[in-house]
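What the coordinates show
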Amino acid sequence: MSQLHTVNKSPLDRNALESAIRHATKGNAVLMIEDGVYGAMKGTQKSAMVSDAMGDISFYVMGPDLKARGIDEGRIIDGVKVVDYSGFVTLVAEHGITQSWL
Amino acid sequence: MSETKKFLYVNRKAPYGTIYALESLEVVLIGAAFEQDVALAFLDDGVYQLTKGQATDEVGMKNFSPTYRALGDYDVNKIYVEQESLDARGLSLDDLQALTYEDEDDDYAEKDSIKVVSAAELAKIMEQSDVILSF
């Protein structure tokens with residue numbers, strides 16, 4: 001069954017995003033929340049990790065967490081979709097299992 | 001006061017995800033009342049604390065980023081940001097909010113508190129400190 005992976009740690013501080021991507025299979029989704037939203041930014045040392053995985057995995061990022069941290073949506077890696085809280089619920093409902101990478 | 005010590009507060013965590021950033025800021029403001037020689041360093045994910053445009057209304061948390069602008073009024077005007085940490089995150093000085101102070105030795109001219117330094121320069125600043133508090 002398709003999995004949703006949530007990541008709430010900065011990829012420049014912890015390897016939660018890296019592990020989530022490594023264990024996500026084709027058709028899975030990764031949702032970046034809280035400090036995980038730094039993983040959605042363009043031009044960082046970890047941006048390529050997300051862009052390279054985008055063929056098989058869909059990436060989402062929590063809009064309210066971006067705003068809290070002052071990250072403009074224009075700074076987000078192309079192809080990463082911004083969602084709100086109801087979008088988060090929809091993603092959980094659409095996927096059989098949700099796994100949190102803490 | 002008989003002796004002034006050089007305090008360095010080292011900030012390495014992003015804001016909001018953990019309580020470290022807010023706690024550090026509160027300790028700095030309390031410590032500022034004791035007329036010590038205070039400097040702040042922002043490196044690793046700590047550089048995210050100073051970004052412009054933080055708006056926390058949708059996440060239900062207190063936006064404490066405007067409080068950094070009060071540091072100048074407490075004579076906390078040595079704020080070092082590490083270049084390497086900005087680079088790794090695709091950030092530049094323009095992405096950070098301006099922090100200023102009024103220099104009483106220069107007719108109260110408004111000056112920038114933030115100084116971008118290299119890791120090597122920051123290492124020297126750490127070495128020359130008497131007390132280092134890490135957050």
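The structure under discussion appears in the preceding block.
The structure reproduced in this document is the subject of the present report. These numbers come from a predicted model, not from an experiment.

Rules of the game
- Residues numbered from 1 in each chain as written.
- Chains lettered and ligands numbered in written order.
- Predicted model: local features only at pLDDT ≥ 70, side-chain atom pairs only at ≥ 80, totals over all residues.
- Heavy atoms only, no water.
- Helix = DSSP H or I, 4+ residues; strand = E, 2+ residues; numbered from the N terminus.
- Polar contact = N/O pair within 3.5 Å; in protein donor to acceptor, adjacent residues only side chain to side chain.
- Contact = heavy atoms within 4.5 Å.
- Pairing = 2+ DSSP bridges.
- Axes fitted to C-alpha atoms, helices over the stretch in contact; angles between N-to-C directions.
- Phe/Tyr/Trp six-rings, centres within 6.5 Å; stacked < 30°, edge-to-face > 60°.
- Buried < 20%, exposed > 50% of the residue type's maximum accessible area, 1.4 Å probe, protein only.
- Lys NZ or Arg CZ within 6 Å of the ring centre and 35° of its normal.
- Core = buried A, V, L, I, M, F, W, Y, C linked by side-chain atoms within 4.5 Å.
- Expected span 1.5 Å × (residues − 1).

A closer look at the side chain of B:Ser85
Residue and element names in this part refer to chain B. Among the secondary structure elements, Ser85 is positioned in helix α2 (residues 83-88). Of note is the side chain of Ser85, whose polar atom sits 2.8 Å from the backbone nitrogen of Asp44. If we skip the residues at most four places from it in the chain, Ser85 touches Leu43, Asp44 and Val47.

Here's the deal with the sheet that holds strand β4 (residues 81-83) of chain A
All names here are of chain A. With parallel pairing, the 5 strands of this open sheet are ordered in space as β4-β3-β2-β1-β5. Looking at the sheet topology across the chains shown, the edges are occupied by β4 and β5 (97-101). Across the sheet, the mean angle separating the axes of adjacent strands is 25° when strand polarity is ignored. Direction of pairing for strand β1 (residues 3-7) relative to strand β2 (residues 29-32): parallel, over a ladder of 4 bridges. Bridge pairing links Val7 to Met32 in β2.

Quick word on the side chain of A:Gln3
Mapped onto the secondary structure, A:Gln3 falls in strand β1. Polar contacts involving the side chain of A:Gln3 include one to the side chain of A:Gln99, which spans 3.0 Å.

Quick notes on the packing of aromatic side chains
To describe a pair of aromatic rings, you give the distance between the ring centres and the angle between the ring planes. This structure, assessed with the given rule, holds 4 aromatic pairs over all chains. On the numbers, 3.5 Å between centres and 10° between planes, the contact of A:Tyr38 with B:Tyr48 is stacked. Here A:Tyr38 is found in the loop between β2 and α2 (47-53), whereas its partner B:Tyr48 is found in the loop between β2 (37-42) and β3 (78-82) on a different chain. Among the residues examined, B:Tyr48 registers a relative accessible area of 1% and is labelled buried. Look at B:Phe42 and B:Tyr68: their rings are 6.1 Å apart centre to centre, the planes differ by 75°, and that puts the pair in the edge-to-face class. On the criterion of sequence distance, the pair formed by B:Phe42 in strand β2 and B:Tyr68 in the loop between β2 and β3 is long-range, its members being 26 residues apart. For the pair B:Phe42 and B:Tyr68, a shared accessibility class is recorded, and that class is buried. Joined through ring pairs, the aromatic side chains of B:Tyr16, B:Phe42, B:Phe64 and B:Tyr68 make up one cluster. Directly above the ring of A:Tyr60 sits A:Lys81, whose terminal nitrogen or CZ lies 5.0 Å from the centroid. Just above the ring of B:Tyr20 sits the side chain of B:Lys13; from NZ or CZ to the centre is 5.3 Å.

Notes on the nonpolar core
Side chains of nonpolar character tend, in soluble globular proteins, to be buried together. Grouped together as the largest cluster of nonpolar side chains are 52 residues, with contacts concentrated most on A:Phe59, A:Val80, B:Leu40, B:Leu50 and B:Tyr68. Considering each element in turn, this core owes the most residues, 5 residues, to helix α1 (residues 20-32) of chain B. Counting 9 residues, the second-largest nonpolar core is a separate cluster that includes B:Leu8, B:Ala39, B:Leu43 and B:Val117.

Re α1(B)
Residues and elements named next belong to chain B. Compared with an ideal rise of 1.5 Å per residue, which puts 13 residues at 18 Å, α1 spans 18 Å between its outermost C-alpha atoms and is within 8% of the ideal. Among the residues making up α1, those that are buried are Ala21, Leu22, Ser24, Leu25, Val28, Gly31 and Ala32. Next to the buried residues of α1 lie β1 (6-11) and β2.

Structural notes on the sheet that holds strand β6 (residues 114-117) of chain B
All names here are of chain B. The parallel open sheet is built from 5 strands, whose spatial order is β6-β3-β2-β1-β7. If you trace the sheet from one side to the other, it starts and ends with β6 and β7 (131-134), each paired once. Within the sheet, the average angular offset between the axes of one strand and its neighbour, ignoring direction, is 25°. Note that β3 and β6 share 4 bridges and pair parallel. When the bridges of β6 are listed, Val81 appears paired with Val116.

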